[in-house]
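# Coordinates in review
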Amino acid sequence: MSHDEHAAHGEQAAHHAHAAHGEHAAHDAHAAHDAHAAHDAHAAHDKHAGHSVEMFRDRFWLTLVLTVPTVVWSEHVQDWLGYTAPRFPGARWLPAIFGTIVFVYGGRPFLVGGYRELKDRLPGMMTLISLAISVAFLYSAAVTLGYRGEPLWWELATLVTVMLLGHWIEMRSIFQAQGALKELAKLLPDTAIRIIGGGNGDERTEEVTIDQLRVGDLVLVRPGAAVPADGIVRSGKSSVNEAVITGESNPVPKREGDKVIAGTVNGEGSLRVEITGTGENTALAGIMRLVEQAQSSRSRAQALADRAAFFLTVVAIVAGIVTLIGWLAAGAGLDFTVTRVVTVLVIACPHALGLAVPLVIAISTTLGARSGLLIRDRRGLEEARNLDVVVFDKTGTLTLGEHRVVDVAAAEGIAADEALRLAAAVERDSEHPIARALMKSAEERGLDVPLARDFAALPGQGVAAEVEGRRLEVGGPALLAQLGVELPPELREAEARFSANAEAAVYLIEDGRALAAFAVADAIRPESREAIKRLHDAGIEVAMLTGDSAAVANRVAKELGIDTVFAQVLPEEKAAKIEALQREGKRVAMVGDGVNDAPALVTADIGIAIGAGTDVAVEAGDVVLVRSDPRDVARIVSLSRASYRKMLQNLWWAAGYNIVAIPLAAGALAWAGIVLAPAVGAVLMSASTVIVAVNAQLLRRAAL
């Protein structure tokens, strides 16, 4: 009886991400989560380097207070609204005094940001804002000191106030999008119950902070408590809620020998857990690290947005110069002309454009992490929407990588489950892969396997034992030949069927009569059928790559409805198969979990690594599936398409409104009495930013 030599992966916890990441930094995830989120925001939106939500909030409120007297004592505003502000000595200087304070205090982030952009020779939105408020300030100061014209103090103050409000909203949106990282870090408890001693009944416990835990420590995880670090259950039985890490909605049963993940929540039973990973070496830290990496990785859409923002900055400056020259040539007053220029510079700020892509990146990456999809490289997720074919490794990916009973044929007078129950009992004390397959299959069907007596191995043939007073043998064709057993017709038909499917046949025998035949093979994952169907529904071809024989590969392909099969492929030939598909003009994704898959993962347009696989496979992948669930491949495609739609919508809105806004700001409709004030321009520009932010947030509703 031959068994698949690949049956080595199955019992690994599919979500154990720290086994999937080889790089470990030297800082604790729990202590560093704020820095992580801040880094993400800055990487995604580096014009705000050194800024924070609180800074913009505080400056906005104080600037708003200073803006009120600037507006109230403005002569223009008094004339328009028909009121007279309180008069006292020096009252006429209030707009200039408060306007100057607003410019220096409220405008500082924009002035510093503009200086940095010019220093880096990358003029952008901060350059435009700083240019607009500087022109308004210098002109207003000159008029206040005697130059002929109308000052723009109230326009300057309201402009700075509205800009601070817009940036506050933007920064808050970005940090909210990355809040999943903070929430992940908060999953870790502050303390743990460490067990000391245990010999001679002197076991005692002590409460320690999680940074005091070391590999090898034994901790007590009480019902309802969070697991403090990655580990292995040494005693106890419970179920653990792993939804926040793996996306699995149902509690996962845990017993002795099972792995548990830091941050997951214990259910109704107590567990004693031996620590295997702490701090940066936990699955939780690995997930946070990958989310960080993805949010800061460059994407083609981001590069497009950056180029568009630079182009729009140039357009705005040129439009401002043309507006200045045009109105002066038309004989307009300097105050009117400067106001038009300031409005053009403000309304053309590519602010929404700068937010359009980073916010979608942040949201889609954290949304993926919550769903068990860890994006290591943004370009991998970006390309997923264009896939033509997904190539699956068979063993451990579409199949469990473990033997199972995949078919049962019972003789007359015995039920299939009863036959399996008895066969599993006979094999209970055996360590042979076939024995494990029978036992596992019986357990998964919920069968109560009885104890056996007088177990005996029959070398080269099988095993024998007494079960419930019956002497039974289990073995393959060699045992049938040795005992001279003739198969009844129904079992002969089953034997032929098993052979055609390249499945090993095992028989249950009692008193020289065959009671049942079992087909043993690498079992197909229950989720694989739905995974293939979802990809087909998305218009994507599915192929399978395996080193197994054509008969085995074709059996799996036929059962799952796979389009193309590459069988008996040597490890070094896997990448060549991917290249062959690419030469046909197809965009290819490779899904695998083993060291042998790493070259193919790198060669493919998108490498998708199964989270339960080896470090090498995961490091080679663009996307890591935290669960070993092939259905998640289709979810990657759905997330990619939804993210791309949002990016396009945001880019069109952020850039497109300027087609109307810039001419309007320049005074193209002044002849009709329609003239925009700088503050109105700031409101419109900020409104576009808010619309982009809200539209990006709608991505959270995408069905994956």
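Residues numbered from 1 in each chain as written. Predicted model: local features only at pLDDT ≥ 70, side-chain atom pairs only at ≥ 80, totals over all residues. Heavy atoms only, no water.

## Considering the environment of glycine 257
Structurally, glycine 257 can be placed in the loop between strand E6 (252-254) and strand E7 (259-260). For glycine 257, a relative accessible area of 46% translates into the label partly exposed. For glycine 257 and valine 273, which are 16 residues apart along the polypeptide, the C-alpha to C-alpha distance reads 9.4 Å. (Helix = DSSP H or I, 4+ residues; strand = E, 2+ residues; numbered from the N terminus. Buried < 20%, exposed > 50% of the residue type's maximum accessible area, 1.4 Å probe, protein only.)

## A closer look at the sheet that holds strand E20 (residues 588-592)
With mixed pairing, 7 strands are arranged side by side in an open sheet as E10-E22-E21-E20-E11-E18-E19. In this open sheet, the two edge strands, each paired with only one partner strand, are strand E10 (373-375) and strand E19 (564-566). Along the sheet, successive strands turn relative to each other by an average axial angle of 20°, direction set aside. Relative to E20, strand E11 (residues 389-393) runs parallel, the two being bridged by 4 bridges. Residue pairing across strands places phenylalanine 392 opposite valine 591, the latter belonging to E20. (Pairing = 2+ DSSP bridges. Axes fitted to C-alpha atoms, helices over the stretch in contact; angles between N-to-C directions.)

## Some points on the pattern of salt bridges
This model, assessed by the stated rule, comprises 22 salt bridges. Of the charged contacts, one joins arginine 57 and aspartate 58 as a salt bridge, the two residues approaching to 3.1 Å between their closest N and O atoms. Overall, arginine 57 belongs to the partly exposed group, its relative accessible area being 32%. Look at aspartate 58 and you get partly exposed, because its relative accessible area is 40%. (Salt bridge = Lys/Arg side-chain N within 4 Å of Asp/Glu carboxyl O.)

## What about the nonpolar core?
If you look at the biggest cluster of nonpolar residues, it comprises 46 residues, and the most contacted ones within it are Val390, Phe392 and Ile608. When residues in this core are grouped by element, the largest group, 9 residues, is from helix H25 (residues 631-656). Not counting residues within four places of it along the chain, the set of residues in contact with valine 390 comprises Leu535, Ile540, Glu541, Val542, Ala543, Ala589, Val591 and Val633. Of all hydrophobic cores here, the second largest spans 45 residues; its members include Phe60, Ile129, Phe137 and Ala316. (Core = buried A, V, L, I, M, F, W, Y, C linked by side-chain atoms within 4.5 Å. Contact = heavy atoms within 4.5 Å.)

## A look at the packing of aromatic side chains
Within the structure shown, the criterion is met by 7 aromatic pairs. Between the aromatic rings of phenylalanine 103 and phenylalanine 137, the centroid separation amounts to 4.2 Å while the plane-to-plane angle is 0°, which identifies the pairing as stacked. One end of the pair, phenylalanine 103, is in helix H4 (residues 94-106); the other, phenylalanine 137, is in helix H6 (residues 125-144), and 34 residues separate them in sequence. Comparing phenylalanine 103 with phenylalanine 137, the two get one shared label, buried. Put simply, the rings of Phe60, Trp61 and Trp168 pair up and form one aromatic cluster. Its end group placed over the ring of phenylalanine 336, arginine 340 keeps NZ or CZ at 5.4 Å from the ring centre. Above the plane of the ring of tyrosine 644 lies arginine 385, whose end atom (NZ or CZ) is 3.4 Å from the centre. (Phe/Tyr/Trp six-rings, centres within 6.5 Å; stacked < 30°, edge-to-face > 60°. Lys NZ or Arg CZ within 6 Å of the ring centre and 35° of its normal.)

## Description of the packing of H4 against helix H5 (residues 108-119)
Put simply, H4 and H5 touch, their axes get as near as 5 Å, and they point 50° apart. One element, H4, and the other, H5, form an angle in the oblique class. The segment H4 lies against H5, with Phe103, Val104, Tyr105 and Gly106 engaging Arg108, Pro109, Phe110 and Leu111. Partitioned by chemical class, the residues of the contact of H4 with H5 number 6 nonpolar, 1 polar and 1 charged. (Parallel < 35°, antiparallel > 145°, perpendicular 65-115°, else oblique. Nonpolar A, V, L, I, M, F, W, Y, C, P; charged D, E, K, R; others polar.)

## Observations regarding the pairing of strand E16 (residues 504-510)
Counting buried positions along E16 gives 7 out of 7 residues, so the element sits mostly inside the fold. What you see with E16 is no split at all: Ala504, Val506, Leu508 and Glu510 on one side and Ala505, Tyr507 and Ile509 on the other are buried throughout. As defined by bridge partners, strand E15 (residues 470-475) adjoins E16 across 4 bridges and the pair is classed as antiparallel. Directly across from glutamate 473, in E16, lies its bridge partner isoleucine 509. Counting the residues in the hairpin turn of E16 and strand E17 (residues 513-524) gives 2 residues, including aspartate 511, whose phi is positive at 55°.

## Observations regarding helix H16 (residues 416-426)
Most of H16 is tucked away: 8 of the 11 residues are buried. Of the positions making up H16, those classed as buried are Ala419, Leu420, Arg421, Leu422, Ala423, Ala424, Ala425 and Val426.

## Examining the packing of helix H2 (residues 53-72) against H5
In the contact formed by H2 and H5, the axes pass within 11 Å of each other and the chain directions differ by 130°. Our classification of the angle between H2 and H5 gives oblique. In contact with Met55, Phe56 and Arg59 of H2, H5 contributes Arg108, Pro109 and Phe110.

## Overview of the pairing of E20
On a regular strand, each side chain points to the face opposite its neighbour's, so the side chains alternate between the two faces of the sheet. The buried fraction of E20 amounts to 5 of the 5 residues, a majority that puts the element mostly inside the structure. Alternating residues of E20 divide into Val588, Met590 and Gly592 and Ala589 and Val591, and every residue in both groups is buried. Note: E20 against strand E21 (residues 606-610), 4 bridges, orientation parallel. If you follow glycine 592 over to E21, its bridge partner there is alanine 609.

Read these as spatial facts, not as claims about activity.
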